[in-house]
Amino acid sequence: MNKTEGGTILITGANGSLGLSFVQQLLAKYPLYFALLTVRNSSDLDPNTKELRKVVSSHPSAETSIEVLDLDVAKRVATGKIPPISAIVCNAFAWSLVDIRYSADNYELGFQVSHLSQFLLVLRLVNSMNKRTGRIVMLGSVSHDAKNNNSANPLGPKIPEDLEELIRPSPDKPGEEMSRGFRRYGNSKLANVMFMHSLNKKLHHDTSLKGITAIAMDPGGIAASRAFRDAPFAFRTAMRIVGYIVPVAEHFTSALRTTKSAAIDLVAMTVGPEANGKRGYFVGQKPVTSSEDSHDEGLREKVWKACEKWAKLEESETALKADEGEY
């Protein structure tokens, strides 16, 4: 078998906590793929990218590229510079648990990074995928379901009546920064799950793309995630303490996972034969029913259309037909 015969695996946020472990597991178990590892800063001045290069260097025979995401990937596939895309793993995310942060586009940073940018990525690259077995993996979370509220996340997700609130939310009231921040995070994950469901219907309705499947996977609560550095001090400290019990606790609950265990599941759902043809929502490798809101087709289509507008996606930029089909 020739090198990269498996095709290209594209992952966003490759230098994040889960991304680093995913890359380690992918290169160790599936070395015949070309790994396109996208990051926000490809320089070694970024310590996380430097750590990613260290991971890659431990697999010298692997074919990889660490780069800032460029949507010209489609041209590289078309000209044979890289193999067709076997899987897109939408792993990048951001959140704002202390104050609201905005992107260069003046959109709330969490929604843009965690959902909108990856919505655009998938739709722009879907025609560059393996049309028979391509997989799209969105990252979900227990926080996408309003039924899973807790003391840290008392509000839960709620898609606002005015969808513009998703990208330009009202200012947080003093004392509500973390709870409203978790709502924003939950909304971005809910948007990912909604997108996955709608995407599967649209793909299935398109005769040229129906072999491509989409899943959304909740990797579980990763207490060791660097993301908690952006959380309030008390919560950050609590997660550091919880981290000590995770190796034992993960055998009893998916609410707590080691990064390695979550990465093993993510690799399996991305390229493993056990996930061939699978669609839907998963906690790790276990299929489960996603939230009630994620099955609201009218709401899903409203959010989809809004995202097309915010991402400035032209119909000519995606091979996916506009109308959602039914199974």
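Scroll up to find the structure this text is about.
What you see is a predicted model; the values in this text were computed from it and never measured.

A.B. asks: Is there a simple way to think about the overall build of the protein in this case?
C.D. replies: A tally of regular secondary structure across the protein gives nine helices and eight strands. Within the protein, the proportion of its 327 residues that are buried is 55%. In the protein, the share of contacts with a sequence separation of at least 24, taken over all contacts with a separation of at least 6, comes to 79%. Here the protein displays about 15,000 Å² of accessible surface, and carbon together with sulfur accounts for 53% of that area.

A.B. asks: Hey, could you run me through the packing of helix α4 (residues 109-125) against helix α5 (residues 177-205) in this one?
C.D. replies: The packing of two helices is summarised by the inter-axis angle and the distance between the axes. Packing of α4 against α5 leaves a shortest axis separation of 8 Å and a crossing angle of 20 degrees. When the interaxial angle is binned, α4 and α5 end up roughly parallel. Crossing of α4 against α5: the hand is right-handed. Listed contacts from α5 to Gly 110, Phe 111, Ser 114, His 115, Phe 119, Val 122 and Leu 123 of α4 are Asn 187, Ser 188, Ala 191, Asn 192, Phe 195 and Leu 199. Taken together, the residues of the contact of α4 with α5 break down into seven nonpolar, six polar and no charged.

A.B. asks: Is there a simple way to think about the pattern of salt bridges in this case?
C.D. replies: A side chain of one charge can pair with a side chain of the opposite charge if their charged atoms are brought near each other. Evaluation of the coordinates by the stated rule reveals 12 salt bridges. The residue Arg 180 makes a salt bridge to Asp 172 at a minimum N-O spacing of 2.9 Å. Take Asp 172: its relative accessible area is 17%, and that puts it in the buried class. When the shortest N-O distance is used, the salt bridge between Asp 172 and Arg 184 registers 2.8 Å. One end of the pair, Asp 172, is in the loop between β5 (135-139) and α5; the other, Arg 184, is in helix α5, with 12 residues separating them in the sequence. Within the structure, one salt-bridge network assembled from shared partners comprises Glu 164, Arg 168 and Lys 309.

A.B. asks: Even after reading the chapter, I still don't get the nonpolar core, so can you show me in this structure?
C.D. replies: Counting residues in hydrophobic clusters, the biggest one holds 48 residues, and the most contacted among them are Ile 88, Ile 136, Leu 199 and Trp 310. In terms of nonpolar packing, the next biggest core, distinct from the first, is built from 33 residues, Ala 35, Ile 66, Val 89 and Ile 215 among them.

A.B. asks: Would you mind showing me how to read the environment of Phe 282 here?
C.D. replies: Of note, Phe 282 is situated in strand β7 (residues 280-283). Owing to a relative accessible area of 3%, Phe 282 belongs among the buried residues under this scheme. Residues Phe 282 and Met 269, 13 residues apart in the sequence, show an inter-C-alpha distance of 9.0 Å.

A.B. asks: Quick question: what am I supposed to make of the sheet that holds β7 here?
C.D. replies: Strand-to-strand pairing in sheets goes through backbone hydrogen bonds, with the strands running parallel or antiparallel. Strand order in the open sheet made by the eight strands is β3-β2-β1-β4-β5-β6-β7-β8, with mixed pairing throughout. Two strands lie at the open edges of the sheet, namely β3 (63-68) and β8 (286-288), each paired on one side alone. Averaged over all pairs of adjacent strands, the angle between strand axes in this sheet comes to 25 degrees, irrespective of strand direction. The pairing of strand β4 (residues 85-90) with β5 spans four bridges and is parallel. Note that in β5 the partner of Cys 90 across the bridge is Met 138. Across the face of the sheet, α4 comes into contact with β1 (7-11), β4 and β5 while running at roughly 170 degrees to β4. Sheet contacts for helix α8 (residues 259-271): β1, β2 (33-39), β4, β5, β6 (213-218) and β7; angle to β5, the most-contacted strand, approximately 150 degrees.

A.B. asks: How do you make sense of the pairing of β6 when you look at a structure like this?
C.D. replies: Remember that side chains alternate between the two faces of the sheet whenever the strand is regular. For β6, the tally of buried residues reaches six of six residues, placing the bulk of the element in the interior. Here β6 shows a buried face lined by Thr 213, Ile 215 and Met 217 and a second buried face lined by Ala 214, Ala 216 and Asp 218. As defined by bridge partners, β5 adjoins β6 across five bridges and the pair is classed as parallel. Across the sheet, the residue bridging to Leu 139 is Met 217, located in β6. Pairing of β6 with β7, which is carried by four bridges, proceeds in the parallel orientation. The residue of β7 that forms the bridge with Asp 218 is Val 283.

A.B. asks: Honestly, helix α1 (residues 17-29) in this entry has me stumped. Any pointers?
C.D. replies: Note: α-helices contain 3.6 residues per turn, so residues at a spacing of three or four share the same orientation. Its 13 residues give α1 an end-to-end C-alpha distance of 19 Å, which sits within 8% of 18 Å, the value for a rise of 1.5 Å per residue. Summarising burial for α1: 10 of the 13 residues are buried, a large majority.

Calculation rules
Residues numbered from 1 in each chain as written. Predicted model: local features only at pLDDT ≥ 70, side-chain atom pairs only at ≥ 80, totals over all residues. Heavy atoms only, no water. Helix = DSSP H or I, 4+ residues; strand = E, 2+ residues; numbered from the N terminus. Buried < 20%, exposed > 50% of the residue type's maximum accessible area, 1.4 Å probe, protein only. Contact = heavy atoms within 4.5 Å. Areas by Shrake-Rupley, 256 points an atom, 1.4 Å probe, with all protein chains shown as cover. Axes fitted to C-alpha atoms, helices over the stretch in contact; angles between N-to-C directions. Parallel < 35°, antiparallel > 145°, perpendicular 65-115°, else oblique. Left-handed = near helix turned anticlockwise from the far one by under 90°. Nonpolar A, V, L, I, M, F, W, Y, C, P; charged D, E, K, R; others polar. Salt bridge = Lys/Arg side-chain N within 4 Å of Asp/Glu carboxyl O. Core = buried A, V, L, I, M, F, W, Y, C linked by side-chain atoms within 4.5 Å. Pairing = 2+ DSSP bridges. Expected span 1.5 Å × (residues − 1).

Taken by themselves, the reported measurements are silent on function.
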